[in-house]
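Residue-level structure breakdown
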Amino acid sequence: MGPILKNILAVIIGWLAGSIVNMGLIQIGHTLFPIEGIDPNDMDALATVMPTLDYTYFIFPFLAHALGTLVGAAIAYLIAANHKMKFALSIGVLFLLGGIMVNYMLPGPLWFTLLDIFIAYIPMALIGISFAKKLSK
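Reference entry: report on the structure contained in this document. (Residues numbered from 1 in each chain as written. Predicted model: local features only at pLDDT ≥ 70, side-chain atom pairs only at ≥ 80, totals over all residues. Heavy atoms only, no water.)

Thoughts on the overall build of the protein
A count of helices and strands for the protein gives six helices and zero strands. Ordering the α and β elements of the protein from the N terminus gives α-α-α-α-α-α. For the protein, the spread of C-alpha atoms along the three principal axes comes to 50 × 25 × 25 Å. Each of the 137 residues in the protein was classed as buried or not, and the buried ones make up 39%. Within the protein, counting contacts between residues at least 6 apart in sequence, those at least 24 apart form 76% of the total. With an accessible surface of roughly 7,800 Å², the protein has 75% of that area assigned to carbon and sulfur atoms. Counting 6 positive and 6 negative side-chain charges, the protein places the averaged centre of each group 39 Å from the other. (Helix = DSSP H or I, 4+ residues; strand = E, 2+ residues; numbered from the N terminus. Buried < 20%, exposed > 50% of the residue type's maximum accessible area, 1.4 Å probe, protein only. Contact = heavy atoms within 4.5 Å. Areas by Shrake-Rupley, 256 points an atom, 1.4 Å probe, with all protein chains shown as cover. Lys, Arg positive; Asp, Glu negative; His and termini not counted. Charge placed at Lys NZ, Arg CZ, Asp CG, Glu CD.)

Here it is in structure tokens:
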């Protein structure tokens, strides 16, 4: 397989794997901490209630964003043929853009938005890269 195809697959597979981790943790969070009277698929209802929720409702969304990014970046690093750091960081940037969009559509408390945007994406991608480097030795 050529390096260009391998690098494209690294980003696609990293993004998909990270998204699966993200959605799995979000679903677990909705199961463990259901919001009474709210359909978790109703974005308008969620947007209305988000600012009033206790911090416990934000544990799984943060874990989902952080671990999804970490796993996706690590996988992209492991698969990429060359420029591994760039492709792994591109996963962090993709997830960061998604995180900004979600925080705009579902505005939560300011503390969560700041924690999510500044910790869950680029720093977690860097940690994923660090893990992948150790695995690939």
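Regarding a nonpolar patch on the surface
A cluster of nonpolar side chains, contributed by Tyr 55, Ile 59, Leu 63, Leu 67, Leu 110, Trp 111, Leu 114, Leu 115, Phe 118 and Ile 119, occupies part of the molecular surface with about 940 Å² of accessible area. Broken down by secondary-structure element, the contributors of at least two residues to the nonpolar patch are helix H3 (59–79) and helix H5 (110–119). Take the nonpolar patch: its biggest share by element is six residues, from H5. Take Leu 115: it is sitting in helix H5. (Patch = residues over 30% accessible without salt bridge, like charges linked within 9 Å, V, L, I, M, F, W, Y side chains within 5 Å. Salt bridge = Lys/Arg side-chain N within 4 Å of Asp/Glu carboxyl O.)

Quick look at helix H6 (residues 122–135)
Given a rise of 1.5 Å per residue, 14 residues ought to cover 20 Å, and the 20 Å separating the end C-alpha atoms of H6 matches this to within 8%. For H6, the set of buried residues is Met 124, Ala 125, Gly 128, Ile 129 and Ala 132. One face of H6 carries all of its buried residues, which in axial projection span an arc of 145 degrees. (Expected span 1.5 Å × (residues − 1). Arc of directions from axis to C-beta.)

Looking at the environment of Phe 112
Relative to the helices and strands, Phe 112 resides in helix H5. Those residues in contact with Phe 112, other than ones at most four positions away along the chain, are Phe 58, Pro 61, Phe 62, His 65 and Asn 103.

Observations concerning the side chain of Asn 7
As for its placement among the helices and strands, Asn 7 is situated in helix H1 (residues 3–32). What makes Asn 7 buried here is its relative accessible area of 7%.

Examining the environment of Gly 14
For Gly 14, the position within the fold is in helix H1. Residue Gly 14 is classed as buried on the basis of its relative accessible area, which comes to 0%. Not counting residues up to four positions away in its chain, the partners in contact with Gly 14 are Leu 9, Gly 72, Ile 75, Ala 76 and Ile 91.

Overview of the packing of H1 against helix H4 (residues 84–105)
Relative placement of two packed helices is described by the angle separating their axes and the distance separating the axes. Contact pair H1 / H4: the axes reach a minimum separation of 10 Å and the direction vectors enclose 45 degrees. Comparing the axis directions of H1 and H4 gives the class oblique. In terms of crossing hand, the pair formed by H1 and H4 is right-handed. Residues Asn 7, Val 11, Gly 14, Trp 15, Gly 18, Ser 19 and Asn 22 of H1 lie in contact with H4, whose contacting residues are Phe 87, Ser 90, Ile 91, Leu 94 and Phe 95. The residue inventory of the contact of H1 with H4, partitioned by class, reads six nonpolar, six polar and no charged. (Axes fitted to C-alpha atoms, helices over the stretch in contact; angles between N-to-C directions. Parallel < 35°, antiparallel > 145°, perpendicular 65-115°, else oblique. Left-handed = near helix turned anticlockwise from the far one by under 90°. Nonpolar A, V, L, I, M, F, W, Y, C, P; charged D, E, K, R; others polar.)

Let's talk about the packing of aromatic side chains
For the structure on display, the rule yields five aromatic pairs. Between Phe 33 and Phe 60 the ring centres are 6.1 Å apart and the planes differ by 50 degrees, which places this aromatic pair in the tilted class. Residue Phe 33 is found in the loop between H1 and helix H2 (43–49), and its partner Phe 60 is found in helix H3; the two are separated by 27 residues along the sequence. Here Phe 60 falls in the buried class, since its relative accessible area comes to 15%. Ring geometry for Phe 58 against Phe 112: centres 4.9 Å apart, planes inclined by 40 degrees, an arrangement best described as tilted. Placement of Phe 58 in the loop between H2 and H3 and of Phe 112 in helix H5 is noted, with a sequence separation of 54 residues between them. For the residue pair Phe 58 and Phe 112, the accessibility class agrees, reading buried in each case. Among the aromatic residues, ring-to-ring pairing joins Phe 33, Tyr 57 and Phe 60 into one connected group. (Phe/Tyr/Trp six-rings, centres within 6.5 Å; stacked < 30°, edge-to-face > 60°.)

Coordinates in, geometry out; function isn't part of it.
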